[in-house]
Amino acid sequence: MIAIDLGSNTIRFIEFDGTVWGKSFEKIVRTAESLHQTRLIGVQAIGRIIAAIEEAKIHLDFAAHTVVAYTTAAMRMAENQTDAIDVIEAATGIRFLIIDAQKEASLTLKAVRYRLDKLGIEPSAFVMADIGGGSTELISADHESVSSISINQGIVTLSESADTSGLLSEKIAAFKERIVSDTRKIENSSLVLTAGTPTTIAAYLNGMDYDHYDPRRINGFVLTLEGCYRVYEQLLSMDEATRRRYVGVGRENLIMAGILMVTAIYEALGYTEAIIIDDGLREGIALDFFDR
């Protein structure tokens, strides 16, 4: 099967046969571009999504696989969600299902637990954070229960709604307050981070640029809060062209807000380090397909 995760910033594809992971592909499409202003998925964003799917068909054999395609926060918030999905389906043959925040968190947790198990990392309890383009999911999990919250702020929606440094600071402070007030805290737990921003920070610290990203070197990497601060300062000092080499086209400015969101999670919950996992919703969709 092929699992597709259309997020608020990136669309990600992967093949899976129930045991072995096959080819993968991803593209930055900025689904949530201008969403906070217009409440719409824009024509240009829809065009980028369609183009990315057509490019993925060059790399992956869609004809030979069942395709399961989910989409998340941007489509959940968009007033033209049905029209946008219809246009994408008419152009590509792929029909996306909008999933709610609870299912998104559940599938991401499934993928993260799968990867932690494969790595031989078994924290008795952990808080998992998934910072997307349009929302952030936080899950507290131990042997007894799992609880989650969804915050309608991601790296795209937050950065686009904060066009001055002062406003960005206010947004980050409010984001941190929400985490402090609503996240279930667990004593002696680990922090686990997934999604593009923490994996990009980890990749930079491992000497990788965007075109040479290797998830095998990222999964299980321990990222310190001090490392996050250091990467922020180094990326901030770069011109956009140089920064783009490390973070990808279309993310050269978004990544700065993303790193501030990552550090806010550490600070709000009192962690100084986190385990980084590359697997996320895309892999959770694939695992869930075979579990059913």
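In what follows, the accompanying structure is described.

Definitions and cut-offs
- Each chain carries its own residue numbering, running from 1 in the direction its sequence is written.
- Reporting in this predicted model follows two pLDDT cut-offs: at least 70 for local features of residues, and 80 or more for side-chain atom pairs to be given and counted; totals over whole chains, interfaces and linings ignore these cut-offs and use all residues.
- Neither water nor hydrogens contribute to the side-chain values; these are computed over all heavy atoms in the structure.
- Stacked, edge-to-face and tilted labels apply to pairs of Phe, Tyr and Trp rings (six-membered ring for Trp) whose centres lie within 6.5 Å, assigned for plane angles under 30 degrees, over 60, and everything in between, in that order.
- Numbering goes from the N terminus for both helices and strands, where a helix is a DSSP run of H or I of at least four residues and a strand is a run of E of at least two.
- Using a 1.4 Å probe on the protein chains alone, a residue whose accessible area is under 20% of its type maximum counts as buried, one over 50% counts as exposed, and one in between counts as partly exposed.
- What makes two strands pair is DSSP finding at least two bridges between them.
- Angles run from 0 to 180 degrees between N-to-C directions of axes, and those axes are lines fitted to C-alpha atoms, restricted for helices to the stretch in contact.
- Contacts are residue-level and defined by heavy atoms, with any inter-residue pair within 4.5 Å sufficient.
- An arc is given here, and it is the one of the directions from the helix axis to the C-beta atoms.
- A 3.5 Å cut-off defines polar contacts: any pair of N or O atoms within that distance qualifies, except that in protein one atom must be a possible hydrogen donor and the other a possible acceptor, and neighbouring residues in sequence count only when both atoms are side-chain atoms.

### Focus: the packing of aromatic side chains
In this description, a pair of aromatic rings is defined by centroid distance and the angle of the planes.
Thinking step 1. Applying the stated criterion across every chain yields a total of seven aromatic pairs.
Thinking step 2. Look at Phe13 and Phe62: their rings are 6.2 Å apart centre to centre, the planes differ by 70°, and that puts the pair in the edge-to-face class. With Phe13 in strand β2 (residues 10-16) and Phe62 in the loop between α2 (43-59) and β4 (67-71), the pair connects residues that are 49 residues apart, well separated along the chain.
Thinking step 3. Each ring, one from Phe16 and one from Trp21, has its centre 3.8 Å from the other, and the planes form 20°; the classification is stacked.
Thinking step 4. The class for Phe16 is buried, based on a relative accessible area of 4%.
Thinking step 5. Linked through ring pairs, Phe16, Trp21, Tyr114, Phe289 and Phe290 together constitute an aromatic cluster.

### Quick word on the sheet that holds strand β11 (residues 273-276)
Thinking step 1. Here we have six strands laid out as an open sheet, ordered β8-β7-β6-β9-β11-β10, and mixed in their pairing. Looking along the sheet, the strands with just one partner apiece sit at the ends: β8 (146-151) and β10 (221-224). Mean inter-strand twist for the sheet, computed between neighbouring axes without regard to direction, equals 25°.
Thinking step 2. Sheet topology places strand β6 (residues 126-131) next to strand β7 (residues 136-141); six bridges connect them, and they run antiparallel. The residue bridging Ile131 from the neighbouring strand is Thr136, located in β7.
Thinking step 3. Across the face of the sheet, helix α7 (residues 165-182) comes into contact with β7 and β8 while running at roughly 160° to β8.
Thinking step 4. Across the sheet, helix α8 (residues 196-205) is in contact with β9 (190-194), β10 and β11; its angle to β10 comes to roughly 95°.

### Description of helix α11 (residues 240-247)
Thinking step 1. Those residues of α11 not exposed but buried are Arg243, Tyr246 and Val247. Buried residues of α11, seen end-on, are gathered within an arc of 85° and therefore sit on one face of the element.
Thinking step 2. On its buried side, α11 packs onto α8, α10 (225-236) and α12 (254-269).
Thinking step 3. Between a side-chain oxygen at the N-terminus of α11 and the backbone nitrogen of Ala241 the separation is 3.2 Å; the capping residue is Asp239.

### A look at the side chain of Ser189
Thinking step 1. Considering the arrangement of structural elements, one finds Ser189 in the loop between α7 and β9.
Thinking step 2. Looking at Ser189, its side chain comes within polar contact range of the side chain of Tyr271, at 2.5 Å.
Thinking step 3. With residues up to four places along the chain from it excluded, the contact list for Ser189 reads Ala125, Phe126, Val127 and Tyr271.

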